[in-house]
Number of protein chains: 2
Amino acid sequence: MDQGSDKVNNEGSKLTHYEGTEKLLELWFDTITLENGEVKKPKLPDDLRVIPRDEIAEMLVKVKCEIVSFSERDEQYAYVLSESSLFISKRRLILKTCGMTTILASLEPLITLAEKYCNFKVVDIFYSRKNFMRPDLQHSLYKSFEDEVKYLDSIFDRGAAYVLGRMNGDCWYLYTLDNSSIEQPDQTLEILMTELDDEIMAHFQNTKGRKSEAVTKDSGIADLLPDCMIDGFVFDPCGYSMNGLLQNDGYVTIHVTPEKEFSYVSFETNASMEEYSSLVERILTTFRPGKFVMTLFTNEQAACRSSRGALKETFLDRYTRQDRQYSEFKNYDLTFGHYIRDKKA
Amino acid sequence: MDQGSDKVNNEGSKLTHYEGTEKLLELWFDTITLENGEVKKPKLPDDLRVIPRDEIAEMLVKVKCEIVSFSERDEQYAYVLSESSLFISKRRLILKTCGMTTILASLEPLITLAEKYCNFKVVDIFYSRKNFMRPDLQHSLYKSFEDEVKYLDSIFDRGAAYVLGRMNGDCWYLYTLDNSSIEQPDQTLEILMTELDDEIMAHFQNTKGRKSEAVTKDSGIADLLPDCMIDGFVFDPCGYSMNGLLQNDGYVTIHVTPEKEFSYVSFETNASMEEYSSLVERILTTFRPGKFVMTLFTNEQAACRSSRGALKETFLDRYTRQDRQYSEFKNYDLTFGHYIRDKKA
């Protein structure tokens, strides 16, 4: 990640911290229904990708990040950002930003842009993040999830906020409308890893002047998912991001903060699978985290049907489970797990 | 409940509020292991019930409540309190208090008393409560669960805190050590009900001078569990509490705050059953809540094995599920559900 932009010196010490932990905003849009019951005619093509890039860039200024790379495949645009990623497809927008970004500042501009260019409104939202390593360094709204919820409640009706895991330890926060309005199969797997293996992190250190393709290949990231169109990016002096585009509106995104003091790697995909244990094993082997939080969100149309059955804990010979929780929503279910590597493993 | 003791006038209005929602503290004790690995000899009989009643009463003063009735059966003592209940058996103590009580003020006295009279130490704790209707009226520590967690973390190592349900709506908080130290079968079912039926609440109104036995019988409470030794208590001018003692260290406790503006009924039992749907149905019929939160906590030794299978949602023809969550701990699992009665039901 772009370490230059928001290095923070602790008082009285030379330590710096970079918060790899992302804030993740997934928005689903649909046509607007008028008071008389008619659908407000969508502007054609009815596709979020018609929003001009300069409008997107302006929205990102409010979030305190910028576009550093772009790729596209089928009906999906993918941007690597100075702090993480942005994916735009016809009716779904995913913005993921780390560091000290102010992601929720994107909401009002995005709602306005979707109406202006597509006659679309937001029909569902999933806003989530892991607990920060250093919440005290975040901008004020993001120091406590309760404040983020208050802000979201000021924009949306009937939002529901949850904490999975330990509120006095490692946990994962979620805010959603759970509106049952998403009819296509949808599933999101996230693995948020900390205390990573030094040797593995070395792939992402001293990246100045190196080609991202080499890092993608040498680190094993290239082999994680088949048929994936990868747009990788290396940061100066260290750090790595990639967006991968799959067929059928699929994506993968990986972000690496390699510094030993605050190492962090996130993996996220909406790849459709009947079960995820083989992918999870490949990720654990590739990154060898000391701790990880894993979430799988699936709706009733998803190929795996239930998140719980699709997330087998094949790694319990090397990791101890701290927590596992299974939550049922209207049209989604969610499995959350938190694991710590055994000292001998 | 004893409405006289802590009626609170809102500023500028004549409304009063009584917080029926209880704080629930369950403590498990065991012998103390010395540094050389030997067990510190328990004082005989090694039983929490040897703690003198005047010491218990003094501890309750700190919590801001007092004993109003006592019963015993087999190896269990049960006290009805001015604000809810206290159960003491050989190595387990359950304190449940409502209103504006300061339940955590009991912790240090109880730790001291258990060591003084029994050479016991705390080996596990379950502290839980539903969100309050009016947290602003609570004493400062109890206005936010985060503060309660900070206080508990100052006393216990490795405590884990959770929020089940919606942190911006109806939810249930839990703090536990989950120490895997409890080897006897253990299960706790709680049903916390609000917006209760007026006709049913009439049984618990105008109770001055009425006999508790009549209220227990007329309300249907007498028929909820077989072979239950009931100690009921009616409050002036309204409200009802009961402790029921079952065989084998079993208990039931019910507390009713009947006022329409803030009606609340809690049901709790550790009765061992393979599954709970018939009991849950009897409770819903007896109290007819508009909303309820239900939790079942079971350890691996419990007759029902898993809380999830033991809590069937047989009532979904009358109630809509808002949330259901299933959590796995080291030796326990927990199922949480939140339901709202359908308007037509």
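Scroll up to find the structure this text is about.
Residues numbered from 1 in each chain as written. Chains lettered and ligands numbered in written order. Predicted model: local features only at pLDDT ≥ 70, side-chain atom pairs only at ≥ 80, totals over all residues.

**A look at the relation of the copies chain A and chain B**
Stage number 1. Structural alignment of chain A on chain B gives an RMSD of 0.0 Å, achieved by rotating through 180° and translating 0.0 Å along the axis. Here the copies are linked by what is in effect a two-fold axis. Closest approach to the rotation axis within chain A is made by the C-alpha atom of Y326 of chain A, at a distance of 2.5 Å.
Stage number 2. When you check the interface residues of chain A against chain B, 100% turn up at the interface there too, and the contact is symmetric in its surfaces. (Least-squares fit on C-alpha atoms with pLDDT ≥ 70 in both. Contact = placed C-beta atoms within 7 Å.)

**With respect to the sheet that holds strand β10 (residues 171-176) of chain B**
Two orientations exist for strands paired in a sheet by backbone hydrogen bonds: parallel and antiparallel.
Residues and elements named next belong to chain B.
Stage number 1. The strand order β4-β5-β6-β7-β3-β8-β10-β9 describes an open sheet built from eight strands, whose pairing is antiparallel. Only two strands of the sheet have a single neighbouring strand rather than two, namely β4 (67-73) and β9 (160-165). Between one strand and the next, the sheet's axes are offset by a mean angle of 15°, whatever the strand orientation.
Stage number 2. When strand β3 (residues 23-31) meets strand β8 (residues 120-130), the two strands line up antiparallel, connected through nine bridges. Its bridge partner lying in β8, E26 is registered against F126.
Stage number 3. The sheet strands contacting helix α2 (residues 107-118) are β3, β7 (92-97) and β8, and the helix crosses β8 at an angle near 150°. (Pairing = 2+ DSSP bridges. Helix = DSSP H or I, 4+ residues; strand = E, 2+ residues; numbered from the N terminus. Axes fitted to C-alpha atoms, helices over the stretch in contact; angles between N-to-C directions.)

**A short note on the sheet that holds strand β9 (residues 160-165) of chain A**
Residue and element names in this part refer to chain A.
Stage number 1. In space, the eight strands of this open sheet follow the order β4-β5-β6-β7-β3-β8-β10-β9, with antiparallel pairing throughout. Strands with a single pairing partner mark the edges of an open sheet, and in this sheet they are β4 (67-73) and β9. Strand-to-strand twist in this sheet, taken as the mean axis angle between neighbours without regard to direction, amounts to 15°.
Stage number 2. Across six bridges, the pairing between β4 and strand β5 (residues 76-81) is antiparallel. From the neighbouring strand, E72 faces β5, where its bridge partner is Y77.

**Overview of the interface of chain A and chain B**
Accessible area lost upon the coming together of the parts is a frequently used measure of interface size.
Stage number 1. Every contact between the two is made by 15 residues of chain A and, on the other side, 15 residues of chain B.
Stage number 2. Of all the elements in the fold, those that place two or more residues in the side of chain A that touches chain B are α3 (145-155), β9 and β17 (319-328) of chain A.
Stage number 3. Per element, the largest residue contribution to the side of chain A that touches chain B is five residues, and it comes from β17 of chain A.
Stage number 4. Class assignment for the residues of the side of chain A that touches chain B results in seven nonpolar, four polar and four charged.
Stage number 5. By the bridge criterion, five bridges tie β17 of chain A to strand β17 (residues 319-328) of chain B in an arrangement that is antiparallel. The residue bridging E328 of chain A from the neighbouring strand is R324 of chain B, located in β17 of chain B. (Nonpolar A, V, L, I, M, F, W, Y, C, P; charged D, E, K, R; others polar.)

**Re helix α1 (residues 53-63) of chain A**
The periodicity of an α-helix, 3.6 residues per turn, causes residues three or four places apart in sequence to face the same way.
Residues and elements named next belong to chain A.
Stage number 1. For α1, every residue scored as buried is listed here: I56, M59, L60 and V63. Buried positions in α1, seen along its axis, are confined to an arc of 100° and lie on one side of it. Facing away from the buried side of α1 by over 90 degrees, the exposed positions are D54, A57, E58 and V61.
Stage number 2. Packing partners of the buried residues in α1 comprise β4, β5, β7 (92-97) and α2 (107-118).
Stage number 3. Backbone geometry just after α1 places K64 at a positive phi near 75°. (Buried ≥ 20, exposed ≤ 12 C-beta atoms within 10 Å, placed from the backbone. Arc of directions from axis to C-beta.)

**A look at the pairing of strand β13 (residues 240-245) of chain A**
All names here are of chain A.
Stage number 1. Of all six residues in β13, six are buried; the element is thus mostly enclosed.
Stage number 2. Every second residue of β13 is oriented toward a common face, with Y240, M242 and G244 on one face and S241, N243 and L245 on the other, all of them buried.
Stage number 3. Bridging between strand β12 (residues 229-234) and β13 involves six bridges; their strand directions are antiparallel. Bridging from a neighbouring strand, V234 pairs with Y240 of β13.
Stage number 4. Between the end of β12 and the start of β13, which pair antiparallel, lie five residues, with G239 showing a positive phi angle near 110°.
Stage number 5. Note: β13 against strand β14 (residues 251-257), six bridges, orientation antiparallel.

**Some details on unusual backbone geometry**
Stage number 1. Cis geometry is found at the peptide bond from D236 of chain A to P237 of chain A, where omega equals 10°.
Stage number 2. Looking at where P237 of chain A falls in the secondary structure, it is placed in the loop between β12 and β13.
Stage number 3. With a phi close to 55°, N248 of chain B is a non-glycine residue in the positive phi region.
Stage number 4. Tracing the chain through its elements places N248 of chain B in the loop between β13 (240-245) and β14 (251-257).
Stage number 5. Look at N248 of chain B and you get exposed, because 12 C-beta atoms sit within 10 Å.

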